[in-house]
Amino acid sequence: MYYSTWEELQNVCPIVDGMWDKERLYEYLVASCHKFSKQIETFFIKYRTDENLADLLFSFLFDDDYDGSDSQMGAARVISGMDHQLLRKKKDLLLKAQTNEVDWKRPFLHDEHLEWIDE
């Protein structure tokens, strides 16, 4: 869906009654690749340690139904900003994502940015 203002997009906040809504999260991830990238980046900073969010983001990356969607690019970007301690707990998923042959589906474009993973 197209949102002409940040306020319109905020009306479909991906958190409903304290729970992540996958359809609304999809809208935010797609929008993060376009017009509202800075606002959405600021929004997700508050949830850097949210394990439920991390699980949903990885589900976008690995779900063939979203193949080629901007939601996958957005998910990879948000994952790259997640707390390192949380990502260590998701090490297997992160390393699996890093093996994708499509650059923009990898949270970290260069594996050398993962030296912290085993700390």
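Every value quoted in this text rests on a predicted model; they were computed, and no experiment measured them.

### Quick notes on the confidence of the model for the protein chain
Per-residue pLDDT for the protein chain averages 92, and the proportion of residues at 70 or more is 98%. When the elements of the protein chain are averaged for pLDDT, helix α1 (residues 6–10) gives the smallest value, 93, and strand β2 (residues 19–20) the largest, 98.

### Topic: the nonpolar core
Within the largest apolar cluster, 34 residues are counted, with the highest numbers of intra-cluster contacts made by L9, F44 and L94. Only α1, α2 (22–31), α3 (37–45), α4 (51–62), α5 (70–80), α6 (84–89) and α7 (91–98) provide two or more residues apiece to this core. Here the element with the most residues in this core is α4; it accounts for 7 residues.

### Section: the packing of aromatic side chains
Aromatic ring pairs are reported here in terms of the distance separating the ring centres and the angle at which the planes meet. The tally for this structure, following the rule as stated, stands at 14 aromatic pairs. Judged by centre distance (6.4 Å) and plane angle (20°), the rings of W20 and F44 are stacked. Within this pair, whereas W20 is found in strand β2, its partner F44 is found in helix α3, the two being separated by 24 residues in sequence. We note that W20, like F44, is buried. Here the aromatic rings of Y28 and F44 are separated by 6.5 Å at their centres, their planes lie at 85°, and the arrangement is edge-to-face. Of this pair, Y28 sits in helix α2 while F44 sits in helix α3; the two residues are 16 residues apart in sequence, bridging distant segments of the chain. Using a relative accessible area of 1% as the deciding quantity, one classes Y28 as buried.

Rules used in this analysis
- Residues numbered from 1 in each chain as written.
- Predicted model: local features only at pLDDT ≥ 70, side-chain atom pairs only at ≥ 80, totals over all residues.
- Heavy atoms only, no water.
- pLDDT = per-residue confidence, 0-100.
- Helix = DSSP H or I, 4+ residues; strand = E, 2+ residues; numbered from the N terminus.
- Core = buried A, V, L, I, M, F, W, Y, C linked by side-chain atoms within 4.5 Å.
- Buried < 20%, exposed > 50% of the residue type's maximum accessible area, 1.4 Å probe, protein only.
- Phe/Tyr/Trp six-rings, centres within 6.5 Å; stacked < 30°, edge-to-face > 60°.

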